[in-house]
Amino acid sequence: MDLLNIAQSRYTTKAYNPEKKIPQQQFEALLEVLRFTPSSINIQPWHFLVADNDAAKQRIAKSLVGRYAYNAPKVLDSSHTIVFCTRTDISEDYLDTLLQNDEQSGRFKDEKAKQGQKDSRIGYVNFYRDEKGDLQGWMENQTFIALGHLLLAAGIEGIDATPIGGFDENILNTEFDLASKGLKSSVIMTLGYRSDNDFNAQLPKSRLPAEQIFTHL
């Protein structure tokens, strides 16, 4: 696997072939990659809405209206679409759930290690909530790590993908009653295979030169 070649050749797909679907086993593997996304203190503040049928994609497309209407065909013609959601808060119950999962996974050699993990998580959450005043921003940063993780995985698997930030968040949140679940929509990703009409497929990549973005210390 030539990771550099994949990074240089993958691109944001602008039009999909609606007749071509991702094999189920391959898509399930992508979901596992998504599940194993790293996050700060393994906080995993996300939830993913997976649309693999026309009715589900139509519901997501309700948020792609007005100035966002140009994104609707990407969702409707994709093989699969995923809505990346972020928690709106971190409760004690959620922290307990994480800690119990860690314990079941065998991550603690003793009670001291378990308490250390608990204290560390509480400390981070309180820091971002109380001192930084931006717990939501910190959690959403983790969700965008998941976005990048899946974008790269899709490229490795030869699957085209599009991250979509242009959508009506209020419409999408209401459509799936996300507030009652303690969630908010952060970004949409479409997955599938490019159409022959995808103008972006033939355009050269454009990135700033290395000397402008790297400072070697």
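Let me sum up the structure you'll find in this document. (Residues numbered from 1 in each chain as written. Predicted model: local features only at pLDDT ≥ 70, side-chain atom pairs only at ≥ 80, totals over all residues. Heavy atoms only, no water.)

Helix and strand counts for the protein stand at 9 helices and 4 strands. Across the protein, helices and strands are ordered from the amino to the carboxyl terminus as α-α-β-α-α-β-α-α-α-β-α-β-α. By principal-axis analysis of the C-alpha atoms, the protein measures approximately 60 × 45 × 35 Å. Considering the protein as a whole, with its 217 residues, one finds that 41% of them fall into the buried category. (Helix = DSSP H or I, 4+ residues; strand = E, 2+ residues; numbered from the N terminus. Buried < 20%, exposed > 50% of the residue type's maximum accessible area, 1.4 Å probe, protein only.)

Quick look at helix 2 (residues 24-35) now. Under the 1.5 Å per step criterion, the end-to-end length of helix 2 is 16 Å for 12 residues, consistent within 8% with the ideal 16 Å. Among all positions in helix 2, only Gln26, Phe27, Leu30 and Leu34 are buried. All buried residues of helix 2 project into a common sector of 100 degrees when viewed along the axis, lining one side. Seen from the open side of helix 2, the exposed residues pointing more than 90 degrees away from its buried face are Gln25 and Arg35. (Expected span 1.5 Å × (residues − 1). Arc of directions from axis to C-beta.)

Turning our eyes to something else, we now look at the pattern of salt bridges. By the definition in use, this model includes 10 salt bridges. When the shortest N-O distance is used, the salt bridge between glutamate 140 and lysine 184 registers 3.1 Å. Of this pair, glutamate 140 sits in helix 7 (residues 135-156) while lysine 184 sits in strand 4 (residues 183-192), and the two are 44 residues apart along the sequence. As far as burial versus exposure is concerned, glutamate 140 and lysine 184 are alike and both buried. (Salt bridge = Lys/Arg side-chain N within 4 Å of Asp/Glu carboxyl O.)

With that settled, consider the sheet that holds strand 3 (residues 160-164). Strand order in the open sheet formed by 4 strands is 1-2-4-3, and the pairing between neighbours is antiparallel. For this open sheet the edge positions go to strand 1 (46-51) and strand 3, each flanked by a neighbour on one side alone. Taken pair by pair, the neighbouring strands of this sheet meet at an average axis angle of 25 degrees, ignoring direction. In the sheet, strand 2 (residues 80-87) pairs with strand 4 via 8 bridges, with the strands oriented antiparallel. Residue pairing across strands places arginine 87 opposite leucine 183, the latter belonging to strand 4. (Pairing = 2+ DSSP bridges. Axes fitted to C-alpha atoms, helices over the stretch in contact; angles between N-to-C directions.)

Of note, proline 18 is situated in the loop between helix 1 (3-9) and helix 2. Assessed through its relative accessible area of 36%, proline 18 is described here as partly exposed. Sequence separation between proline 18 and glycine 192 is 174 residues; the distance between their C-alpha atoms is 8.3 Å.

Further remarks concern the nonpolar core. Counting residues in each nonpolar core, the largest one holds 20 residues, and the members touching the most others are Ile82, Phe84, Leu150, Met189 and Leu191. For this core, the secondary-structure elements that each account for two or more residues are helix 2, strand 1, strand 2, helix 7 and strand 4. Broken down by element, the residue count for this core peaks at 6 residues, all from helix 7. Counting 17 residues, the second largest nonpolar core, distinct from the first, contains Ala51, Phe167, Phe176 and Ile188. (Core = buried A, V, L, I, M, F, W, Y, C linked by side-chain atoms within 4.5 Å.)

The next thing to look at is the packing of aromatic side chains. Any two aromatic rings considered together are summarised by their centre-to-centre distance and by the angle between their planes. Counting across every chain of the model gives 4 aromatic pairs. With a centroid separation of 5.1 Å and an interplanar angle of 80 degrees, the aromatic rings of phenylalanine 48 and phenylalanine 84 are classed as edge-to-face. Here phenylalanine 48 is found in strand 1, whereas its partner phenylalanine 84 is found in strand 2, with 36 residues between them in sequence. Of the residues examined, phenylalanine 48 reaches a relative accessible area of 19% and is grouped as buried. Using a relative accessible area of 0% as the deciding quantity, one classes phenylalanine 84 as buried. Ring geometry for phenylalanine 127 and tyrosine 128: centres 5.1 Å apart, planes at 80 degrees, overall edge-to-face. (Phe/Tyr/Trp six-rings, centres within 6.5 Å; stacked < 30°, edge-to-face > 60°.)

This brings us to the side chain of aspartate 102. Among the secondary structure elements, aspartate 102 is positioned in helix 5 (residues 92-104). The buried category is assigned to aspartate 102, whose relative accessible area is 3%. In terms of polar contacts, aspartate 102 uses its side chain to reach the side chain of arginine 121, at 2.9 Å. Sequence-distant contacts of aspartate 102, defined by excluding residues within four places in its chain, comprise Asn42, Arg107, Phe108, Gln117 and Arg121. (Polar contact = N/O pair within 3.5 Å; in protein donor to acceptor, adjacent residues only side chain to side chain. Contact = heavy atoms within 4.5 Å.)

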